[in-house]
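What follows is each chain in one-letter form.
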Amino acid sequence: MAVAYGAGMWEAALLADGVAPADLYPLDLKRAHAKIEGFKEHIGAFWGGGAESQSLLLNGDVSMALIWNTRASLLEKDTDGDISFIWQDGIVGPGGIGVLKGNPGGKEAAMKYIAATQDPARQAMLFELMGNGPSNPAADALIAEENRRFNPMDPENLPKQVPLDTDWYEENYGSALDDYLKIISA
């Protein structure tokens, strides 16, 4: 099972084709697309949303998936480990908060909100409620020992993952996505 948008799919295809994590960027899109085309018939679904990815696994439609950690954590907990996940060669990408120019709440209020989201206690609470990995490393110490396995940013988990190269995505995502969608839609 794969995602219906490209971020992370190219990296997964290249890793599956033997490219070392340190050698992924710049992404060899021709090679990644050839790999995806070559095994497309074995992909049970290209999911478009988190709930769909969970359902495909829960219903037994697929036996493995590239899935968001928040959804994978829920599956592991809800199935008492019958469905589990690993961090090895996972793809870790940043989240972000943007402030629209001229927003009616004003710049000052928006900046206060953003600053508040960086509070370690709030990030630990967001992790507990939703599974989102904290961006502030100080939050890691606030996560209960029994839940650290589910934290993508935990010092034990993060080194096993491959970080997305956001500079590459800024320059290449649009055209790369067009080509990817043609492949998975054919």
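Figured I'd write up the structure that's included with this text.

Definitions and limits used
- Residues numbered from 1 in each chain as written.
- Predicted model: local features only at pLDDT ≥ 70, side-chain atom pairs only at ≥ 80, totals over all residues.
- Heavy atoms only, no water.
- Helix = DSSP H or I, 4+ residues; strand = E, 2+ residues; numbered from the N terminus.
- Buried < 20%, exposed > 50% of the residue type's maximum accessible area, 1.4 Å probe, protein only.
- Contact = heavy atoms within 4.5 Å.
- Axes fitted to C-alpha atoms, helices over the stretch in contact; angles between N-to-C directions.
- Parallel < 35°, antiparallel > 145°, perpendicular 65-115°, else oblique.
- Nonpolar A, V, L, I, M, F, W, Y, C, P; charged D, E, K, R; others polar.
- Phe/Tyr/Trp six-rings, centres within 6.5 Å; stacked < 30°, edge-to-face > 60°.
- Lys NZ or Arg CZ within 6 Å of the ring centre and 35° of its normal.
- Salt bridge = Lys/Arg side-chain N within 4 Å of Asp/Glu carboxyl O.

### Details of the overall build of the chain
Thinking step 1. Along the backbone of the chain there are 7 helices and 4 strands.
Thinking step 2. Along the chain direction, N to C, the helices and strands of the chain fall in the order β-α-α-β-α-α-β-α-α-β-α.
Thinking step 3. The C-alpha extent of the chain, read off along each of the three principal axes, is 50 × 45 × 30 Å.
Thinking step 4. Residues counted as buried form 33% of the 186 residues belonging to the chain.
Thinking step 5. The long-range share in the chain, meaning contacts at least 24 apart out of those at least 6 apart in sequence, stands at 53%.

### As for the environment of Ala-138
Thinking step 1. Along the polypeptide, Ala-138 turns up in the loop between α6 (120–130) and β4 (162–163).
Thinking step 2. Sequence separation between Ala-138 and Ile-97 is 41 residues, and the spatial gap between their C-alpha atoms is 19 Å.

### Notes on the packing of helix α1 (residues 9–16) against helix α7 (residues 166–185)
A pair of packed helices is characterised by two quantities: the angle between their axes and the separation of those axes.
Thinking step 1. Between α1 and α7, the least distance of the axes is 11 Å, while the angle of their chain directions is 80°. The angle between α1 and α7 falls in the class roughly perpendicular. Contacts between α1 and α7 pair Met-9, Trp-10 and Glu-11 from the former with Trp-168, Tyr-169, Tyr-173, Ala-176, Leu-177 and Tyr-180 from the latter.
Thinking step 2. Of the residues assigned to the contact of α1 with α7, the class counts are 8 nonpolar, no polar and 1 charged.

### Looking at the packing of aromatic side chains
Thinking step 1. Per the stated rule, a full pass over the model turns up 10 aromatic pairs.
Thinking step 2. Aromatic side chains Trp-10 and Tyr-180 sit 5.8 Å apart centroid to centroid with 70° between the ring planes, which places their arrangement in the edge-to-face category. Taken as a pair, Trp-10 in helix α1 and Tyr-180 in helix α7 lie far apart in primary sequence, 170 residues in all.
Thinking step 3. Overall, the relative accessible area of 1% leaves Tyr-180 in the buried class.
Thinking step 4. Taken together, a centroid distance of 5.1 Å and an interplanar angle of 85° make the contact between Phe-85 and Trp-87 edge-to-face. For the pair formed by Phe-85 and Trp-87, the shared burial category is buried.
Thinking step 5. Of the aromatic side chains, those joined through ring pairs into one cluster are Trp-10, Tyr-25, Trp-168, Tyr-169, Tyr-173 and Tyr-180.
Thinking step 6. It is Lys-77 that lies over the ring of Phe-150; its NZ or CZ is 4.5 Å from the centre.
Thinking step 7. Sitting over the face of the ring of Phe-85, Arg-149 holds its NZ or CZ atom 4.2 Å from the ring centroid.

### Side note on the environment of Gly-105
Thinking step 1. Here Gly-105 lies in the loop between β3 (91–92) and α5 (107–117).
Thinking step 2. Given a relative accessible area of 54%, Gly-105 falls into the exposed group.
Thinking step 3. Sequence separation of Gly-105 and Gln-123 is 18 residues, and the distance between their C-alpha atoms is 23 Å.

### Some details on the pattern of salt bridges
Thinking step 1. Inspection of every chain in the model, using the stated rule, returns 5 salt bridges.
Thinking step 2. Between Glu-108 and Lys-112 there is a salt bridge whose closest N-O contact spans 3.6 Å. Pair noted here: Glu-108 and Lys-112 are both in helix α5, with a separation of 4 residues, about one helical turn.
Thinking step 3. The exposure class of Glu-108 is exposed, given its relative accessible area of 57%.
Thinking step 4. Salt bridges here are not isolated pairs; linked through shared partners, they connect Asp-17, Arg-31 and Lys-35.

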